[in-house]
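Notes for the structure review
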Amino acid sequence: MSADFYYGIEVLLNGLMAGVMYSLVALGFVLIFKASGIFNYAQGVMALFAALTLVGFQNGQVPFAHLINAIFGTEVHHFGWTLPAFVAILLALGVMLIFAILVEKLVLKHLVNQEPIILFMATIGLAYFMEGFGDLMWGSEIKKLDVGIPQGGNVWVEQSTASLGGDGFYGFYLDSLDIYATVVAAILVTSLVLFSQYTKTGRALRAVADDHQAALSVGISLRTIWVIVWSIAGFVALVAGIMWGSKSGVQFSLSLIALKALPVLMLGGFTSIPGAIVGGLIIGVGEKLFEFLIGAPFLGGATENWFAYMLALLFLVFRPQGLFGEKIIERV
Amino acid sequence: MFYREAGDFKTSYAADQQTFAIKLDRRAYYSLLAVAFLVVPLVINEYWASAVLVPFLIYAIAALGLNILTGYCGQVSLGSGGFMAVGAYSCYKLMTAFPELSIFLCVLISGGITAIVGMLFGLPSLRIKGFYLAVATLAAQFFLVWLFNKVSWFYNYSASGQINAPEREFVGFIVTGPNSSPAAVYLFCLIFVVALAWLARNLTRSATGRNWMAIRDMDIAAEIIGVNPLVAKLTAFSISSFYVGIAGALLFSVYLGAVEVGEAFGIQKSFLILFMIIIGGLGSILGSFLGAAFMVLMPVLLKNVLVGQLGWATDIAAHFEFVIVGGLILFFLIVEPHGLAQLWRTIKEKLRLWPFPH
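Model, not experiment: these values are computed from the prediction.

What counts as what
Residues numbered from 1 in each chain as written. Chains lettered and ligands numbered in written order. Predicted model: local features only at pLDDT ≥ 70, side-chain atom pairs only at ≥ 80, totals over all residues. Helix = DSSP H or I, 4+ residues; strand = E, 2+ residues; numbered from the N terminus. Rg over C-alpha atoms; globule rule 2.2 N^0.38 Å. Buried ≥ 20, exposed ≤ 12 C-beta atoms within 10 Å, placed from the backbone. Contact = placed C-beta atoms within 7 Å. Axes fitted to C-alpha atoms, helices over the stretch in contact; angles between N-to-C directions. Parallel < 35°, antiparallel > 145°, perpendicular 65-115°, else oblique. Left-handed = near helix turned anticlockwise from the far one by under 90°. Nonpolar A, V, L, I, M, F, W, Y, C, P; charged D, E, K, R; others polar. Expected span 1.5 Å × (residues − 1). pLDDT = per-residue confidence, 0-100.

**So, the overall build of chain A**
Tallying secondary structure elements over chain A gives 13 helices and zero strands in all. The N-to-C order of helical and strand elements in chain A reads α-α-α-α-α-α-α-α-α-α-α-α-α. In terms of overall size, chain A behaves like a compact globule, its C-alpha atoms giving a radius of gyration of 21 Å where 332 residues would be expected to give roughly 20 Å. Taking all 332 residues of chain A together, 44% fall into the buried category. Across chain A, contacts joining residues at least 24 apart in sequence account for 74% of those joining residues at least 6 apart.

As structure tokens, this is what we get:
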């Protein structure tokens, strides 16, 4: 086997890892869409906000420091302590819980029974609001997030696979962070599936997703369910924020991964948790392989920007409900 | 008391069907046009033209275009930024390839080219609906921006990857390039705006417009009563893209002058135009103007108040802008999902009865 072949496999493996990262974001979308029929554009910004909050707590930043300084002319920036990662994660989770309750109280409650597209636009508004709010609260400079996940090439994988190829082959290069992300995603998905299948709350969630009216009539509180769903989505956003933040720093571009998650969802279908994972893997592998085989040699590179969307677009023309989505039945 | 239709008798169908049925409305409209064409060019200066009026006019065209597609035909598009880029780059290619071609024609042809591109990207809308379509239009957005970045033919192989508008005259006045006068640029845009708004208003109340609205309200039902969805959706996509392309061409040629595609026509621009029509009012011509005015004026106002008056740093003001835009979108969707245009309609209803509402 030639080294090129192994290099191709390495690209494939890295694509799979990147796909897992997309899936992490896409999961949050699916959760909210299943439970409330809302397509939550703000998921990416929630990840950004969660990561910002986490870093802020860890470094003991003063919230709204810039604003306070601008109004009162003071010079406060830090409380002067640093929190351990675990405590900061718990605190950030608490903030995401409060956020979920506020969203329900201030926005969703008033938009019951609106058309889906209005709700979609409301989440775009929410995304803008949070983006500005997060920057106001914690400042907009790029921050480093470190919660103790190792980074860089995984030596063990590299050494144990080095013997496979010929002379020019030194083993597969896989980022440890990506391997961690894969493990975390697997645990997350398993626990989410278990939660929705085997707990009472999970059953209520599925009931609401199935039929709002029927769920209401058997005594399930829609509003409680929504708060729970948004909290879980907040938790998933925090996990995604930690992974992406450790990978590329906490910065504005983090919110754009939401856009990358959209084609993942379209491929997998909006209503399927396994679909989000499979879609993510297809997109991740597809765009890396396309860039490797066609994009970089023939098209001048950077095809990753649009490949996912084009793939999803072509795919949807043939199967409008996605791979695992429920069949769309239209009635007049 | 003053604003009423009593005593305003119509003696022909044409008079009954006119856009401004109430005399006061009609007078207000004509005087507004007169002020815009005759008074404003005399008093306009560099700051007002470049900060407020010209961007308002250009974005109003883009908002009109997106409103035709989203507000009237119900097809949500997040690709407006990409289509504006098509308009801008075709305008640039036309201006440099045919230097003797009038800038007016250049802009119009750019609109036509964008219409064809828009129609191509509109083809999937026959199978894909709702959010799925919104996401599918993102493919147009990202692909087009990438294309204009990578293929150097589009920017004439310039080293910076930017496109720069050469100097062109329109009926003897310089409208593009650094030597253009604010009044000429303003009038040039105004001509497009008035003509296109007139066209849009009349299109939307013609058979074409009624077909669009039937598709928007329920596509299957519309198909059953004999509306051809292929024709209706593709005309909506092409006409909408025509408008958006003209806006892009104008934004590049007369307003910005130099453009880098990712910066000027990125995904943020698509969202900006979408916000304009949400805040202004979906399915309303007036709404497109109100929304464009709002989104252009608000940052200027905020900047003046926060940076100019209170002396805050510009980045804090920029963050506040995000918070306020987001908050306002939520507010409008909750309080008045039909936007500023609906607010204006309510005010007019109240005015008719004022001061004796009972």
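**Thoughts on the overall build of chain B**
Each helix and strand counted, chain B has 15 helices and four strands in total. With 358 residues in all, chain B has 45% of them scored as buried. Counting only contacts in chain B whose residues sit at least 6 apart along the sequence, the fraction spanning at least 24 positions is 75%.

**So, the packing of helix H11 (residues 257-268) of chain A against helix H6 (residues 130-150) of chain B**
Packing of H11 of chain A against H6 of chain B leaves a shortest axis separation of 10 Å and a crossing angle of 125°. The angle between the axes of H11 of chain A and H6 of chain B places the two elements in the oblique class. Of the two possible hands of crossing, H11 of chain A and H6 of chain B adopt the one that is left-handed. Where H11 of chain A abuts H6 of chain B, its residues Leu259, Leu262, Pro263 and Met266 of chain A lie against Tyr132, Val135 and Leu138 of chain B. Considered class by class, the residues forming the contact of H11 of chain A with H6 of chain B number seven nonpolar, no polar and no charged.

**Here we look at the environment of Val335 of chain B**
Within the secondary structure, Val335 of chain B sits in helix H14 (residues 314-335). You can call Val335 of chain B exposed: it has 9 C-beta atoms within 10 Å.

**Brief notes about unusual backbone geometry**
Residue and element names in this part refer to chain B. A cis amide bond links Trp354 to the next residue, Pro355, at an omega of 0°. Of note in the backbone geometry, Asn156 takes a positive phi value of approximately 50° without being a glycine. By the element assignment, Asn156 lies in the loop between H6 and strand S1 (163-164). The phi dihedral of Tyr157 falls on the positive side, at around 55°, and the residue is not glycine. Here Tyr157 lies in the loop between H6 and S1.

**With respect to the interface of chain A and chain B**
Of the residues lining the interface, 42 residues belong to chain A; the matching set on chain B comes to 38 residues. Split by residue class, the side of chain A that touches chain B holds 31 nonpolar, eight polar and three charged.

**As for helix H10 (residues 222-248) of chain A**
Structurally, the α-helix is built with 3.6 residues per turn, so residues lying three or four positions apart point the same way. Residue and element names in this part refer to chain A. The terminal C-alpha atoms of H10 lie 38 Å apart, and with 27 residues this matches the ideal 39 Å at 1.5 Å per residue to within 8%. Of all 27 residues that make up H10, 20 are buried, and the element is covered over most of its length. Immediately downstream of H10, the backbone of Gly249 shows phi near 80°, a positive value.

**Observations concerning the environment of Phe192 of chain B**
The topology assignment puts Phe192 of chain B in helix H7 (residues 182-204). Not counting the four nearest positions on each side in its chain, Phe192 of chain B is found in contact with Ile61, Ile246 and Leu250 of chain B.

**Thoughts on the environment of Leu16 of chain A**
Residue and element names in this part refer to chain A. You can see Leu16 is positioned in helix H1 (residues 3-36). Residues Leu16 and Gly280, spaced 264 residues apart in sequence, show a C-alpha to C-alpha distance of 8.2 Å. Contacts of Leu16, omitting those with residues within four sequence positions, involve Leu281, Gly284 and Val285.

**Thoughts on H6 of chain B**
With 21 residues, H6 of chain B should reach 30 Å at 1.5 Å per residue; the first-to-last C-alpha distance of 31 Å fits that figure. Burial analysis of H6 of chain B places 16 of its 21 residues in the buried class, the great majority of the element.

**Comments concerning the confidence of the model for chain A**
Scored by pLDDT, chain A has a mean of 81; 93% of the residues are at 70 or more. Within chain A, the lowest mean pLDDT, 69, falls on helix H6 (residues 155-161) of chain A, and the highest, 90, falls on helix H4 (residues 85-106) of chain A.

**Section: the packing of helix H12 (residues 267-280) of chain B against helix H15 (residues 339-353) of chain B**
Between two packed helices, both the angle of their axes relative to each other and the distance between the axes serve to describe the pair. Residue and element names in this part refer to chain B. Two elements in contact, H12 and H15, have axes separated by 3 Å at closest approach and are oriented at 20°. Here H15 runs roughly parallel to H12, going by the angle between their axes. On H15, the residues that touch Ile278, Ile279 and Gly280 of H12 are Gly339, Leu340 and Ala341. A per-class count over the contact of H12 with H15 returns four nonpolar, two polar and no charged.

**Structural notes on the confidence of the model for chain B**
Confidence in the prediction for chain B averages 89 pLDDT; 100% of positions are at 70 or higher. This prediction of the complex comes with two scores: 0.87 for pTM and 0.79 for ipTM.

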